[in-house]
Amino acid sequence: MTECMRTKIAGIGHYVPEKVVSNHDLTQYMDTSDEWIRERTGIESRRYAEKHRETTASMGAKAARIALERAGITAEEVDFIIFATLSPDYYFPGCGVLLQRELGVTNKEAGALDIRNQCSGFVYGISIADQFIKSGMYKNILLVGSEMHSMGLDFSDEGRAVTVIFGDGAGAVVLQPTEQEGQGVLTTCLHSDGTHAEELAMINPGSHSGYHLGTEKFGYPDVDVPGGTFVTQTMVDNNLLAPNMTGQLVFKTAVVKFPEVIQEALHKTGLQVSDIDLLIPHQANLRISQFVQKSLRLPDEKVFNNIQKYGNTTAASIPIALSEAWEAGLVKEGNLICLAAFGSGFTWGSALIRW
Ligand code: UT7
């Protein structure tokens, strides 16, 4: 390994579906209001993918093509794919190989890794890519975060607290080695705590068969039916195939963990909050980002938010926001960019990147 070798983001892109769904549109399906959604989350609209024509992998491919072009490389040059999503095309195989096929990555030796870290998937992906690049194993890593939430939400009143938050979209980056002084990923910090795993989760379908961990709180799938491991009639009949969230617990934990993990990254690199040029937090809820901004005493122009337009796109939210910020000229060479995420697991993390 070259001592001074670091990982840089060589190209970035994003894709959001055309269909805009306003808060008002959601009132057709559930008892909610534009006022409630804006006040509690800051969200004004979100995008929904076109059913049967778009998938998590196909949206990821659209974002990836832009990232590849901006990095000045072709799909054939990609030697490793990392795909982060909680809403994959298939139960298995993962989206990584589907992306490889869709993009025409002809390098059949290329590896493809799928990661399931939900809201912090992109930050985990940056960290994984960074290790592979620094070790000299790969030279062109394609990291994609993509989500198609609209296919898996509960549009009844019961699901409203979760459903109004989430949206679809994809973001991608190409990571490469750099020896340019000071440039690249300076550090990443990754954490998890499974104590509250079911508090922000979609536990069905799964292998837990209803008697494991904290699942009784969220209803039992069939326990005594052989072969009932995956989707069962009970799950369908009892509306157990949707995500659930204990919103206040997630909120309260997030506003502590975001600043903590950002400070940890700064401490590791001997930098200060005032050195950050742009913070791109995972777009979970505008109120969470505002809490984090306040607790770090960052001015408005140093925090990028676009949740108002897209809602929470989980693993895609950071790369979409980073790509938009880059396109708007807010990410310039030499800038210190801080990425931070918190979500289901719970898992959380941060990355400091000198652009
Ligand atoms: O990426 C990480 C993932 N998630 C998050 O970061 C989410 C973190 N949590 C949150 O963002 C907030 O907890 C929510 C936005 C999800 C909910 O806001 P809240 O202020 O915590 O509301 P709540 O769940 O305590 O509910 C307050 C009221 C309840 O009614 P009652 O019992 O007071 O009569 C809910 O039934 O709001 C009601 N409510 C709604 N009303 C209209 C819940 N969802 C809705 C809705 N529209 N969509």
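Structure report, in brief. The written sequence of each chain sets the order in which its residues are numbered from 1. Local features in this predicted model are restricted to residues of pLDDT 70 or higher, and side-chain atom pairs are both shown and tallied only at a pLDDT of 80 or more, whereas totals for entire chains, interfaces and linings draw on every residue. Hydrogens and waters are ignored; side-chain quantities use all the structure's heavy atoms.

Considerations on helix α9 (residues 286–296)
Exposure classes here rest on a 1.4 Å probe applied to the protein chains alone. A residue is buried below 20% of its type maximum, exposed above 50%, and partly exposed in between. Only DSSP runs of H or I reaching four residues or more are called helices, and only runs of E reaching two or more are called strands; each is numbered from the N terminus. Within α9, burial applies to L286, I288, S289, V292, Q293 and L296. Down the axis, α9 shows its buried residues gathered within 160° of arc, on one side only. Contacts were defined at the residue level, with two residues in contact if any of their heavy atoms lie within 4.5 Å. Packed against the buried residues of α9 are α2 (34–41), α8 (247–269), β11 (278–281) and α10 (307–310). Distance and chemistry together define a polar contact, namely a pair of N or O atoms within 3.5 Å, with one atom able to donate a hydrogen and the other to accept it when in protein, and with adjacent residues in sequence counting only for side-chain atoms on both sides. Where α9 begins, one side-chain oxygen reaches toward the backbone nitrogen of R287, 2.7 Å away; that side chain belongs to N285. Note on α9: the residue one or two positions beyond its end, R297, has a positive phi of about 55°. When we speak of the arc, we mean the arc of directions from the helix axis to the C-beta atoms.

Description of the pairing of strand β3 (residues 45–48)
Because side chains alternate across β3, one face comprises the buried residues S45 and R47, and the other comprises R46 and Y48, equally buried. Should DSSP find at least two bridges between two strands, the strands are regarded as paired. The sheet contact formed by strand β2 (residues 19–22) and β3 spans four bridges and is antiparallel. Bridging from a neighbouring strand, K19 pairs with Y48 of β3.

Let's talk about the sheet that holds strand β7 (residues 169–178)
Taken together, the five strands give an open sheet; going across it, the order is β1-β7-β6-β4-β5, and neighbouring strands pair in mixed fashion. With partners counted over all chains shown, the strands left at the sheet margins are β1 (6–15) and β5 (111–115), one partner each. Shown here is a sheet whose adjacent strand axes are inclined to one another by a mean of 20°, direction ignored. Note that strand β4 (residues 80–84) and strand β6 (residues 141–147) share five bridges and pair parallel. Inter-axis angles, ranging from 0 to 180 degrees, are taken between N-to-C directions of lines fitted to C-alpha atoms, where helices are fitted over the stretch in contact.

Some thoughts on the packing of aromatic side chains
Within 6.5 Å between ring centres, the rings of Phe, Tyr and Trp (the latter by its six-membered ring) count as paired, and their orientation is classed by plane angle as stacked under 30 degrees, edge-to-face over 60, tilted in between. According to the stated counting rule, one finds eight aromatic pairs in the structure shown. Ring plane angle 85° and centroid distance 5.7 Å describe the contact between F251 and F291, whose orientation is recorded as edge-to-face. Within this pair, whereas F251 is found in helix α8, its partner F291 is found in helix α9, the two being separated by 40 residues in sequence. Judged by relative accessible area, which is 22%, F251 ranks as partly exposed. For F291, a relative accessible area of 47% corresponds to the partly exposed category. Ring centres of F342 and F346 lie 5.0 Å apart, and the angle between their planes is 55°; this geometry places the pair in the tilted category. A relative accessible area of 3% places F342 in the buried class.

Brief notes about the site of the ligand
The rule for a residue being near a molecule or strand is that one of its heavy atoms must lie within 4 Å of it. Around the ligand sit 22 residues in total, of which T32, R40, Q248, H282 and N285 are the nearest. Interatomic distance of 2.7 Å between a side-chain N/O atom of T32 and a nitrogen atom of the ligand. At 2.8 Å, a side-chain N or O of R40 approaches an oxygen atom of the ligand. For every accessible area listed, the method is Shrake-Rupley and the probe measures 1.4 Å; residues are considered covered only by the protein chains on display. Taking 950 Å² as the accessible area of the ligand by itself, protein coverage stands at 71%. Top element by residues in the shell around the ligand is α8. It accounts for four residues. Within the shell around the ligand, the residues separate by chemical class into 12 nonpolar, seven polar and three charged. Gly counts as polar in this scheme, as do all residues outside two lists: the nonpolar Ala, Val, Leu, Ile, Met, Phe, Trp, Tyr, Cys and Pro, and the charged Asp, Glu, Lys and Arg.

With respect to the environment of G349
Looking at the element boundaries, G349 is found in strand β13 (residues 347–354). On the basis of relative accessible area, G349 is assigned to the buried category, the value being 0%. Once residues lying within four places of it in the same chain are set aside, the contact partners of G349 are V123, C189, L190, V261, L339, A340 and A341.

Here's the deal with the pattern of salt bridges
Salt bridge criterion: a side-chain nitrogen from Lys or Arg within 4 Å of a carboxyl oxygen from Asp or Glu. All told, the structure shown has nine salt bridges when counted by the stated rule. For R53, the salt bridge goes to E50, with nearest N and O atoms at 3.8 Å. Classification of E50 as partly exposed rests on a relative accessible area of 45%. The salt bridge involving R70 is made with E327; its shortest N-O contact spans 3.0 Å. Taken together, the residues R70 in helix α3 (residues 56–71) and E327 in helix α11 (residues 317–327) connect sequence positions 257 residues apart. On the basis of relative accessibility, which here comes to 43%, the residue E327 falls in the partly exposed class. Overlapping salt bridges bring together D34, R38 and E44 as one network.

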